[in-house]
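Secondary and tertiary structure notes
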Amino acid sequence: MNAPAPLSAVNEWPAGRGSREEFVAKYGTQRADRYQEAFWAMDPVADALFTSGHTVKEIMPNLREALARGTADDNTLPEVAALIEDMTKALAGLDAEKLERGRRTYLSIPPLSHGLALGPGSLVHTYATPAIADLLVNTGELTDGAVKRLAYTTNWTYSLYLPDALQPGGEGFIHTGMVRAIHAHVRRVHNRKGLDYSDYGAPISEFDMLRTWFDFTYIPYAGLRRMGWQLTAEEEKDVFYLWKIVGRMLGIRSDLFHGEDGVEASQETMDAIHAVDGEINEAARQLVDALMSGFVVNAKELTGFPENTLADWTAAHVRIIHGDEVADACGVAQSVMQPILEMEAPLVQERFDLLRQDKEALEAEIQKNEDMVRQMLTRDATYMKQDEGVKMKDGSMAVGA
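Residues numbered from 1 in each chain as written. Predicted model: local features only at pLDDT ≥ 70, side-chain atom pairs only at ≥ 80, totals over all residues. Heavy atoms only, no water.

1. Quick notes on the pattern of salt bridges
As a reminder of what qualifies: Think of a salt bridge as a Lys or Arg side-chain nitrogen and an Asp or Glu carboxyl oxygen that are within 4 Å of each other. For the purposes of this entry, the term helix denotes a DSSP run of H or I that reaches at least four residues, the term strand denotes a run of E that reaches at least two, and both are numbered from the N terminus. Relative accessibility thresholds used throughout: buried, under 20% of the residue-type maximum; exposed, over 50%; partly exposed, between the two (1.4 Å probe, protein chains only).
For the coordinates displayed, the defined rule picks out 31 salt bridges. Between arginine 285 and glutamate 282 there is a salt bridge whose closest N-O contact spans 3.3 Å. A residue pair is termed a helical-turn pair when its members lie 3 or 4 positions apart in one helix, as arginine 285 and glutamate 282 do in helix 16 (residues 282-303) at three residues. Under the relative-accessibility criterion, arginine 285 is labelled partly exposed at 30%. Exposure remark for glutamate 282: the relative accessible area of 46% places this residue in the partly exposed category.

The structure is reproduced here in structure tokens:
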């Protein structure tokens, strides 16, 4: 049996992505060509961190120090300096007022509601494609440490919503840089295993990153609408703009989300992405089950409610956000709370609309939620470390050198 071809030498349409001809017929050659490129493209700037000859123990503290300063100095490794420079380019031509409006819009919605849109919303969608699910199950920590990993994903998003968070040296800049580095670290470990990626393309590819970008934009805000937190078109544009800056800092080329300015504006792209997702598989179901359990544990700490009540509440939100077809495919239980929550959504929307008409009350709500985010944010998260390597499914530590 021949060894798999090096990823750099592969660029065909992956077998698990369905028929290219059918995709072209529906979405056009231009999009097909760009996605075909993105299936195999990775992140050369971040990947260089772990292909330059320096060890992980050398790279990680050097990167943390440079991110905290927001700039390289004489002690910064060249590959770290290149990453800092690339992240800073995302701020070129920044519309600071629009970014601030996006931050404030996010904070106008309670963190727990955003947590529902992120956990039962965004992450269920993340896990629903085998291209991502298979890789994460193989890594192991997402099923074995679901509570911590859910908390860490939420923690990263918290870092983005403090004042000036995305400026060099800001909390969002620091956390996003470390998240990008961990993606490169995991990608390096998987590439060295010599696995066959012909089904879906490169591990944590540019396409996977684009899809995940929508898990923080289209998916949660479409879900929040169904929960009673519908934004105006301008508010959605502002939130999506903030995430375009974050996406560029994560290494996604901006042409992939050009024109993606809200739920309606992104619908065709979401349909195109879903057309090449592949079928929900057992790995996805394992991850969703672990996610649901983790979310219930976290919610119990916040609310004190019984786990069986919270499990039903969480399942209801998965079905509200994603619909019964996806929920059934992911093995999510039916919920007796779903019709009750659906009936409450118009009341939630009415209160939200009234809040935004009262400047004083809105300002108080934003400040309260910002204080809550600040209290919950921590730098003691796995993605901020990884100095010892990436933990694999068998419990071993795979060290990228």
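From this point, the narrative continues.
2. Description of the packing of helix 7 (residues 111-127) against helix 13 (residues 218-227)
Heads up, the condition is: Orientation is described by axes fitted as lines to C-alpha atoms, over the contacting stretch for helices, and by angles from 0 to 180 degrees between their N-to-C directions. Orientation labels follow simple angle bins: below 35 degrees gives roughly parallel, above 145 gives roughly antiparallel, 65 to 115 gives roughly perpendicular, and whatever is left gives oblique. Take the far helix as the reference: if the near one is turned anticlockwise from it by less than a right angle, the crossing is left-handed, and if turned clockwise, right-handed. In what follows, residue pairs with any heavy atoms lying within 4.5 Å of each other are defined as contacts. Ten residue types, Ala, Val, Leu, Ile, Met, Phe, Trp, Tyr, Cys and Pro, are classed as nonpolar, four, Asp, Glu, Lys and Arg, as charged, and the remainder, Gly among them, as polar.
Orientation of helix 7 relative to helix 13, taken along the N-to-C sense of each, is 125 degrees, at an axis distance of 9 Å. What the angle tells us is that helix 7 and helix 13 run oblique. Considering the relative orientation of helix 7 and helix 13, their crossing is right-handed. Contacts between helix 7 and helix 13 involve Ser113, His114, Leu116, Ala117, Gly121, Ser122 and His125 on the former and, on the latter, Ile219, Pro220, Tyr221, Leu224 and Met227. Considered class by class, the residues forming the contact of helix 7 with helix 13 number seven nonpolar, five polar and no charged.

3. Digging into helix 1 (residues 20-27)
Spacing of three or four residues puts side chains on the same side of an α-helix, whose turn is 3.6 residues. Heads up, the rule is: Definition of a polar contact: a pair of N or O atoms within 3.5 Å, with one able to donate and the other able to accept a hydrogen when the atoms are protein atoms, and with sequence-neighbouring residues admitted only if both atoms are side-chain atoms.
In this structure serine 19 caps helix 1, since a side-chain oxygen of it lies 3.3 Å from the backbone nitrogen of glutamate 21. Looking one or two places after helix 1, you find glycine 28, whose phi comes out positive at around 95 degrees.

4. With respect to the side chain of serine 108
Position of serine 108 among the secondary structure elements: in the loop between helix 6 (96-107) and helix 7. Once residues lying within four places of it in the same chain are set aside, the contact partners of serine 108 are Phe352, Leu355, Leu362, Glu365, Ile366 and Asn369.

5. Side note on the nonpolar core
Applied cut-off: Residues enter a nonpolar core if they are buried and are Ala, Val, Leu, Ile, Met, Phe, Trp, Tyr or Cys, with the set joined through side-chain atoms within 4.5 Å.
With 121 residues, the main nonpolar core has Tyr35, Trp156, Trp243 and Tyr383 as its most contacted residues. A per-element tally of this core places helix 16 first, with nine residues. With residues near it in sequence (within four places) discarded, tryptophan 156 still touches His175, Thr176, Val179, Phe216, Trp243, Val246, Leu250 and Tyr383.

6. Focus: the confidence of the model for the protein
Put simply, the test is: Values of pLDDT, which run from 0 to 100, indicate the predictor's confidence residue by residue.
Scored by pLDDT, the protein comes out at a mean of 90, with 91% of its residues at no less than 70. Across residues 1-5 the pLDDT falls below 50, and counting only partners more than four positions away or on other chains, this stretch makes four contacts in the model.

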